[in-house]
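Analysis of the macromolecular model
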Amino acid sequence: MGTLATNLVSPANPKLSLPSLSPHYLYVFQRRNSKKLKHASAFPVARLFGPAIFEASKLKVLFLGADDKKHPGHNIPRTYTLTHSDVTSKITLAISQSINNSQLQGWYNKLQRDEVVAEWKKVKGVMSLHVHCHISGGHFLLDLLARLRYYIFCNELPVVLKAFVHGDVSLFKEYPELEDALVWVYFHSNIPEFNKVECWGSLRNADQPSPNSLNHQNDSKHNSNVTPEPPCVEDCTCCFPPMSSIPWPSKDLELENGATTIQQQRR
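These notes cover the structure that comes with them. All values derive from a computational prediction rather than experimental measurement. (Residues numbered from 1 in each chain as written. Predicted model: local features only at pLDDT ≥ 70, side-chain atom pairs only at ≥ 80, totals over all residues. Heavy atoms only, no water.)

1. Regarding the overall build of the protein
Put simply, the rule is: Numbering of helices and strands starts at the N terminus; helices are DSSP runs of H or I of at least 4 residues and strands are runs of E of at least 2. Only protein chains enter the accessibility calculation, which uses a 1.4 Å probe; a residue whose area is less than 20% of its type maximum is buried, one above 50% is exposed, and one in between is partly exposed. For the area figures, the Shrake-Rupley method with a 1.4 Å probe applies, and any residue is considered shielded solely by the protein chains shown.
Looking only at helices and strands, one finds nine helices and nine strands in the protein. Within the protein, the proportion of its 267 residues that are buried is 49%. As displayed, the protein has an accessible area near 13500 Å², and 55% of this comes from carbon and sulfur atoms.

2. Here's the deal with the sheet that holds strand S9 (residues 196-202)
Keep this limit in mind: Strand pairing is defined by DSSP finding a minimum of two bridges between the two strands. Note on geometry: axes are C-alpha line fits, over the in-contact stretch for helices, and angles between N-to-C directions span 0 to 180 degrees.
As summarised here, the arrangement of the seven strands in space is S3-S5-S4-S6-S7-S8-S9, forming an open sheet in which the pairing is mixed. Either end of the sheet is taken by a strand with one partner, and the two such strands are strand S3 (59-64) and S9. The mean angle between the axes of side-by-side strands here comes to 20°, regardless of whether they run parallel or antiparallel. Looking at chain direction, strand S7 (residues 126-134) and strand S8 (residues 182-188) are connected through seven bridges and run parallel. By the bridge assignment, Cys133 is partnered in S8 with Phe187.

3. Some words on the pattern of salt bridges
In plain terms, the rule: Take a side-chain nitrogen of Lys or Arg and a carboxyl oxygen of Asp or Glu: if they are within 4 Å of each other, that pair is a salt bridge.
Summed over the entire model, instances satisfying the criterion amount to seven salt bridges. Measuring nitrogen to oxygen at the nearest pair gives 3.1 Å for the salt bridge that ties Glu229 to Lys124. On the criterion of sequence distance, the pair formed by Glu229 in the loop between helix H8 (203-206) and helix H9 (250-266) and Lys124 in the loop between strand S6 (116-123) and S7 is long-range, its members being 105 residues apart. By relative accessible area, which is 34% here, Glu229 ends up partly exposed.

4. Structural notes on the environment of Tyr150
Within the secondary structure, Tyr150 sits in helix H6 (residues 146-167). Sequence spacing of Tyr150 and Phe194 is 44 residues, and the spatial spacing of their C-alpha atoms is 7.0 Å.

5. Considerations on the nonpolar core
In summary, soluble globular proteins display a tendency toward joint burial of nonpolar side chains. To keep things clear, this is the line we draw: Think of a nonpolar core as a cluster: buried Ala, Val, Leu, Ile, Met, Phe, Trp, Tyr and Cys residues, connected wherever their side-chain atoms sit within 4.5 Å. Contact between two residues is taken to exist if any of their heavy atoms lie within 4.5 Å; hydrogens are not considered.
Within the largest apolar cluster, 40 residues are counted, with the highest numbers of intra-cluster contacts made by Tyr80, Trp120, Leu129, Val131, Phe164 and Phe187. Those elements giving two or more residues to this core turn out to be strand S4 (79-84), strand S5 (91-96), S6, S7, H6, helix H7 (169-174), S8 and H8. Take this core: its biggest share by element is 12 residues, from H6. Setting aside chain neighbours within four positions, we find Leu129 in contact with Tyr80, Ala118, Glu119, Trp120, Leu161, Phe164, Leu182, Val183, Trp184 and Leu203.

6. So, the environment of Phe153
Along the chain, Phe153 turns up in helix H6. Among the residues examined, Phe153 registers a relative accessible area of 0% and is labelled buried. Taking the C-alpha atoms as reference, Phe153 lies 8.7 Å from Asp114; in sequence the two are 39 residues apart.

7. Structural notes on the side chain of Lys122
The test is simple: By the counting scheme adopted, Arg and Lys are positive, Glu and Asp are negative, and His together with the chain ends is not counted. Here a polar contact means two N or O atoms within 3.5 Å. Within protein one must be a hydrogen donor candidate and the other an acceptor candidate, and residues neighboring in sequence count only if both atoms are side-chain atoms.
You can see Lys122 is positioned in strand S6. No salt bridge is formed by the buried Lys122, whose closest oppositely charged neighbour, Glu177, lies at an N-O distance of 11 Å. Here the side chain of Lys122 touches Gly73 through a polar contact of 3.1 Å, landing on its backbone oxygen. Among the polar contacts listed, one links the side chain of Lys122 to the backbone oxygen of Thr237, at a separation of 3.3 Å. Each residue touching Lys122, except ones within four places of it in the same chain, is listed here: Gly73, Met127, Thr237, Cys238, Cys239 and Phe240.

Here it is in structure tokens:
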């Protein structure tokens, strides 16, 4: 998740500060601290994965063609695009009808791939939030750091979800039941181990830190044994939007389509 972990959150202990997790930093950090790590390896782990809190002052919210009080299941798509700037140390959350591609341009964003994008879906009358994270694929540095990126995303996603709720506060005040919607997290990776869909429970609870962030795969809070409910095959009024507004490459979208197929086979 790159430097997103540094600037969106702050450690519970103010004397500790989360380091930048760019590939360059990790290389220099390991070289300069290899001897110290042999004797105190637990210390940097605590710094990377320690408890974190949401800082509203670092969040900038943009409404781009989205009504701040229009229900996302009423014929107007609603998506979230969250990115980070090293220059301003600010987090930008765009709330719009489709992904804000202008936030994802530039060589630095393509190198880091620390964005989080999400969309609201209504399937058979039930609302849910679908969150997408890019773990690896695209260049070798992402592949090399795939496991670390996966754990960082898992550790920091509760804070990202809190940013969604805080940034879209008018919507949740108008429709508080949306906080009871299920959160589905899609981890996109060219490594099968990290290419998965997980149910994080209701949004109200999903934005709470997990006690087992360091051992996420054994965390009962997040369930990878269930799949999202598939939309109706024919045209209907109980499912919206009919197509995902998140433009992931076709191979990544197979992850969601595969989950849908499994759910249909269970019926």
